[in-house]
Structure formats: structure tokens, C-alpha cells
Amino acid sequence: MGIVVEDVSKQFGSFQAISQVSLEIKSGSLVALLGPSGSGKSTLLRLIAGLEAPDSGRIWLTGEDATHRSVQDRSIGFVFQHYALFKHLTVRKNIAFALEIRKTPAKKVSARVEELLELVQLRGLGDRYPSQLSGGQRQRVALARALAVEPKVLLLDEPFGALDAKVRKDLRAWLRRLHDEVHVTTVFVTHDQEEAMEVADEIVVMNKGMVEQIGTPADIYDHPASAFVMSFIGPVNVLPSSSRIFQANGFDTPHPEVFLRPQDILVETIPTDSTVSARVSRIIHLGWEVQAELTLDDGQVITAHLTRDRFDQLNLEPQQRVFVRPKEARAFPLFYSI
């Protein structure tokens, strides 16, 4: 058993940050807490860490009730967004800090530090100071420091949020490989859907202090449990159910809105009984795919994603008349705005 959160709530003044949240995180897994700002994901992470105390409910770590344990007694490694490294200490000393505080024998500290420098790919940089490292390297030092005491649980709060896009993407792949080596139960907070999809074994989607859905990246994307999840995970077109694009295809729903992924819009240059007319408003080249903004005859604008091969076959140009139909669409009872 890794982490069990059991009916936990937390309120700050009149603001309900977490409302009766329950979830189980398997031992050795890598789980993302994903949601917009104010969804409660960071508060939940802090509750697991012991940095906040729940108003109600219980938190179990590796099979033991940790609800009222101090941070020091939870065997947790915590990594913040802004590294929180000691500027006056070398990389080697930063990593060794928690071990030295615990009065670990010097020989053991030295061996553990060298092992971690190798693990986080910073061998040869142990005598540098944080100011002499790149942002990505500093974040790897922070991770090494958190791993130094061999925690049972590793918690990461927006670990790559302060980094530029290229470094962030490189570190995501590195974190996944690192986790596969150390297998420590890891929970990380992010508002970046792509980051969660790329790194995590499971995603916990949060909204307004509650859990909307828990599942693998494929489950969350392919089988969203609510309008909020579908709107938040990946791009989506939201159209009224009365739109001709659905009526022409016999898509009937009592719900007022229909959700349509850009890749689920089929674009043709010859009309059929199941297509509706549209005009190409804009073409955006995104490397391996092309995004076409299309204006339907009723004035509604939708976005379609095409492979480069399909785009080349259609030979699309701005202002061209095309014909579209949905391959797959979804409707939900309620829509929660982001």
C-alpha cells in the first residue's frame, strides 16, 4: 500500500480547498495531481506531506495512519517549484544536508552523495554552487537531495513550472526514467496536461476541491467522466447540440452542449449526405500535424487537426470551401466551467 487519502477535507477561512477527497495511490507508482489553479491539488499534496492538517478524514502512508504525524516522521521527500537549494553550499553539500542533520556516518554520506550524483546525471558537478548550474540542473539537485534519505514517498509541487519549455520537456522524460530506476511512490502536482499525460502512471483530475476522475492517461483522455475532464484534458470544440454538424449525422442528445475533439473532425473536399459546409479561416502548421480553423455556415468556428499526409492530400488553402463531419462526439449532463 502506498498512500490512502480517506474522506479528507480542508478549509481556509470561508474557502473550501479540499472537500471529502478519497483516493488510493499504489506503492511504487508515479501519480499526477492535475487541475487548474485553485482546484486543491497543492493543498492535497501539502496534506499528504504533513505541511497542513486536515479538518476531517485520515491519511495513510505505507499502511500506517499518518494523519497526525509531523513532517519529520512521515519519511517523505519534498521538492518545491523553486528548488529551495542552499546558495552558500555546494551541490554535494546540498545533497548531503539531510543526512548530516541525521548524524549519518561521513563515509556513508559520501557514498550516498556520489551515488545520487550519478543517478541524477550530475557527476563531476558536485563542487559547484547552485548559481553555477542551469535551472534544469538545479532541479535535479533538489530531487537528489529529496532522495538522499531514501524516503518512502516523494512529493513534487509543480517541479518544472519555473523552467522553459525545452528544459521542462527534457526533465519530464528524465523524471520518468528516474522513477523507473528508484520505484519510490511519487506524487507530483501540475496544471500542465501534457506533462501529466507524458509522465504519470495515473492522473487524478481535480476541480474545485474535489476529484473529478482517476485513471491512466489513456482512460482520462479516451473516456472522460465529465464535461470538465474532457474540456481540461486536451483540446476540444464545444458546440450546441442543435448544430447542423450533429443533426446531419443523427447525433441526438438531450444535453445542450456537445464536445468534439479536433482530431475527430473529418474534412473532405467533396460533399456527402452526412457533411456540412465550412470555410477554411486559418491554417496553422504545427510540425507533424496541421491545425485548420473552420467556420461553419452558421458562423460557429471549430478547429480540426489533420496529419501532414492528409493535409497534403486535401491541398487546403485559406478561404477554401470544405465539407466536414464528426467521427466521434460526446455529451455530458453538466458542464463545469474551468
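Anyway, here's the lowdown on the structure attached to this text.

Thresholds, definitions, all that
- What you see as residue numbers is a count from 1 along each chain, following the sequence as written.
- Reporting in this predicted model follows two pLDDT cut-offs: at least 70 for local features of residues, and 80 or more for side-chain atom pairs to be given and counted; totals over whole chains, interfaces and linings ignore these cut-offs and use all residues.
- Excluded from the side-chain calculation are hydrogens and water; included are all heavy atoms of the structure.
- The rule for pairing is simple: two strands pair if DSSP sees at least two bridges between them.
- Each helix corresponds to a stretch of at least 4 residues labelled H or I by DSSP, and each strand to a stretch of at least 2 residues labelled E; elements are numbered beginning at the N terminus.
- Angular values range over 0 to 180 degrees, each being the angle between N-to-C directions of two axes fitted as lines to C-alpha atoms, with helices fitted over their stretch in contact.
- Two residues form a contact once any of their heavy atoms are found within 4.5 Å.
- The rule is simple: take the accessible area with a 1.4 Å probe, protein chains only, and divide by the maximum for that residue type; under 20% is buried, over 50% is exposed, in between is partly exposed.
- What counts as a ring pair is set by centres within 6.5 Å for rings of Phe, Tyr and Trp (its six-membered ring), and what kind of pair is set by the plane angle: stacked under 30 degrees, edge-to-face over 60, tilted for all other angles.

Here we take up the sheet that holds strand β9 (residues 202-207). Within the open sheet, the 6 strands sit side by side as β6-β7-β8-β3-β9-β10. Their pairing is mixed. Of all strands in the sheet, those bounded by a partner on one side alone are β6 (76-79) and β10 (210-215). Between one strand axis and the next, the sheet turns by 15 degrees as a mean value, whatever way the strands run. Pairing between strand β7 (residues 153-157) and strand β8 (residues 185-190): 5 bridges, direction parallel. Bridge assignment links Leu-155 to a residue of β8, and that residue is Val-187. The strands touched by helix α4 (residues 135-147) are β6 and β7; relative to β6, the strand with the most contacts, the crossing angle is about 165 degrees.

Side chains of strand β13 (residues 265-268) alternate between two faces, with Ile-265 and Val-267 buried and Leu-266 and Glu-268 left unburied. Examined bridge by bridge, β13 and strand β17 (residues 321-326) share 4 bridges and lie antiparallel to one another. Bridge pairing in β17 links Ile-265 to Pro-326.

Attention now moves to the packing of aromatic side chains. Enumeration over the complete set of coordinates arrives at 5 aromatic pairs. Aromatic side chains Phe-86 and Phe-97 sit 4.6 Å apart centroid to centroid with 50 degrees between the ring planes, which places their arrangement in the tilted category. Linking Phe-86 in the loop between β6 and α2 (91-101) with Phe-97 in helix α2, this pair joins segments that are 11 residues apart in sequence. Ring centres of Phe-259 and Phe-332 lie 5.5 Å apart, and the angle between their planes is 75 degrees; on these two criteria the pair is classed as edge-to-face. Of this pair, Phe-259 sits in strand β12 (residues 257-260) while Phe-332 sits in the segment after β17; the two residues are 73 residues apart in sequence, bridging distant segments of the chain. Just as Phe-259 is buried, Phe-332 falls in that class too.

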